[in-house]
Amino acid sequence: MVSEESPLLASAAHEAIYDRFVSDQKRWIVFLVSFAGLLPMFVQATFVPSIPQIAKDLNSTHAAVSLTVSLSILASAIGALVWAAYSSFYGRRWMYLWGMPFLCIGSCGVAMSASLRSLLFWRFVQTFGCSGGIPLGAGVIGDIYKLEERGTAIGVFLGATLFGFAVAPFLGGAAAQYWSWRNLHYSLAVWGLLEMLLIYLSFPETSHPGTLGIDKLQRRRLIHITWVNPLGSLWLLRSPNLFAMLASTLVLITDYVLLVPLAYTIGVRYGITNEAIIGACFLPNGLGNFIGAPIAGRLSDIVVRRWREKRKGVWFPEDRLRATWIGGLVVVPLSIGASGLITTYVGGPVGLWLNLLCLYMNGMGVDFVFNPIGSYNVDVAHSRSAEATAASAAIRSLILSAATALVIPSIERIGVAWTDIIAAVLALIGQGIIFLTIRYGDRMRASVDVGLSTTENNS
C-alpha cells in the first residue's frame, strides 16, 4: 500500500529491463505498434463517408447503416478489454497475432456483405479484431521505455494513430466518391495481413520477464487455454487517480464536436458538397495531432525530470499532468469556442481558413492533454498498463458515443456557436479535475490500493 507520506520513488533497480532492446530496435517496435494503432482509426473513420454509398448498394437507409457506427464503438470497447486482459497473461505479441485474423476476415466479410444483417455482423468482427491497437501499443511502450523517456515515445505513438483519425475520413470520402467502399475494406484486410506478417517476423515479446500469467504457472500444457475475465480491467478504475483521468474525455469531446458534424457546419456554411473535399477539411486537425503529440510527450518528460530534480530525486506521478495546462486551459477552449463563433459570423474564404486554423490548433491542444494523461496511466499502473489503458478507452468510447449522438441535435436546436461554447466549458471542467488530481494525487493513491506503481516495479 502506498501511503500519503511516502511518495512514489524512481528506482534504478530495473535499468537492465529497459536495456534489453537497443535504440534502433525500440524505434522499430514503436513503428510497428504505431502501424497497428492506425488500423482501428482507419477502420472506424473511413466508414462514415461511405455510408450513403453503402445504403444505396444494400437498398437500405442512411439511419439503418449508421447503426454500424454504434456497433463498432461497442465492439471496440469490448475488444480493447479482451486483448489487454489476455496480453497480461499471454503477452503482447500473441495478442497482435490473434487479433489480426479477425480484422482480415471481418474486412473481407464487410466487403462481400449483401445485406444489412451481414454488414452488422462482419463490422463487429472487423472492429473487434483491430481494437487492441491502442491499449497494446501503450503497454508495449511502457515495457521498453523508462519513466523519463516514456512520454516522448507515447507522443510519437499517439501522434501517428490520431493523425490516422483525421486522414481516414478524407481517404474514405475519396474512396466513396471515386472508387468503391468494398475495395476499401479489401485494402484494410491486406493491411492487416501485412501487419500480421511484420509482427510475426520482427516483433519480439516486450513484457518484462516473469511478469506474464503464463510464466507463473507451475504446470502448463503445450497449448494452454485459460479464461481471463476481460471486465476485470474495469476494476482498476476503482483507483480515484485512474478514474479522474477520464476527465480527458471532456477535452476529447471537443474534437468530436468539431469533426463529426463538419459536413453540416463548415460544409454547409461555406458551400462544400464534394465528399472528398469535406474529408480534406479533417486534415488540419490530423496535422495538429501529428505535430502536437510528440511535442506534448517530450514536454511531459521534461516536466517529470525538472520536478524530480527540484525534489532531489523524489518522484510524484502527477508531475507529468502539469504538462496539460497549456492545452486544457488555453488552446482547446479557445480553438473550439473561436470555431463556433467564426462559423456563425464569418463567411467566405476568410471564415473557412480561420476554421481550418482552429481545427489545427484543436488537434494540437487535445494532444497536450491526452498525451500526458496516457503516459500517466502507464506510469501509475505500469504492471497492468495495457489493461488500464483499455479500461479508460472502453469507458471513454461509451461516453463519446453518447456525446456525439447529441452534437447534431444540439446544433439544430441552439446553433453551432453555443454548442461549441458548451464543449469549451466541458473542456475547462475536465482540466479542473486534472488540477485536483495534481493537487491531491498522493491522498487519492493512498485511499484505494489497486496495485499502483512503486519503486520496485517502475523506474
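What you see is a predicted model, and the numbers here were worked out from it, not measured in a lab.

Engineer: Looking at this structure, I do not really get the overall build of the chain. What am I missing?
Structural biologist: Each helix and strand counted, the chain has 19 helices and 0 strands in total. In the chain, buried positions account for 58% of the 459 residues. Expressed as a percentage of contacts within the chain between residues at least 6 apart in sequence, the contacts between residues at least 24 apart total 86%. Carbon and sulfur atoms form 68% of the exposed surface of the chain, whose accessible area is close to 19,000 Å².

Engineer: How do you make sense of the nonpolar core when you look at a structure like this?
Structural biologist: In globular proteins that are soluble, nonpolar side chains generally tend to be buried together. Formed by 94 residues in total, the largest nonpolar core has its most connected members in Tyr96, Phe203 and Leu262. Considering each element in turn, this core owes the most residues, 12 residues, to helix H2 (residues 23-45). Setting aside residues no more than four positions away along its own chain, tyrosine 96 makes contact with Val33, Ala36, Gly133, Leu136, Gly137, Val140, Ile199 and Phe203.

Engineer: Could you clarify how one ought to interpret the pattern of salt bridges in this entry?
Structural biologist: Pairs may arise between side chains of opposite charge once their charged atoms sit close together. By the definition in use, this model includes 5 salt bridges. Among the ionic pairs, arginine 92 bridges to aspartate 143, the shortest N-O distance being 2.9 Å. Here the residue arginine 92 occupies a position in helix H6 (residues 92-112), and aspartate 143 occupies one in helix H8 (residues 133-144), the gap between them amounting to 51 residues. Neither arginine 92 nor aspartate 143 differs from the other in exposure class; each is buried. A salt bridge links aspartate 319 to arginine 311, with the nearest nitrogen and oxygen atoms 2.5 Å apart. For aspartate 319, a relative accessible area of 1% puts it in the buried group. Residue class for arginine 311 comes out partly exposed when judged on its relative accessible area of 24%. One network of salt bridges, with partners in common, ties together Arg311, Asp319 and Arg322.

Definitions and cut-offs
Residues numbered from 1 in each chain as written. Predicted model: local features only at pLDDT ≥ 70, side-chain atom pairs only at ≥ 80, totals over all residues. Heavy atoms only, no water. Helix = DSSP H or I, 4+ residues; strand = E, 2+ residues; numbered from the N terminus. Buried < 20%, exposed > 50% of the residue type's maximum accessible area, 1.4 Å probe, protein only. Contact = heavy atoms within 4.5 Å. Areas by Shrake-Rupley, 256 points an atom, 1.4 Å probe, with all protein chains shown as cover. Core = buried A, V, L, I, M, F, W, Y, C linked by side-chain atoms within 4.5 Å. Salt bridge = Lys/Arg side-chain N within 4 Å of Asp/Glu carboxyl O.

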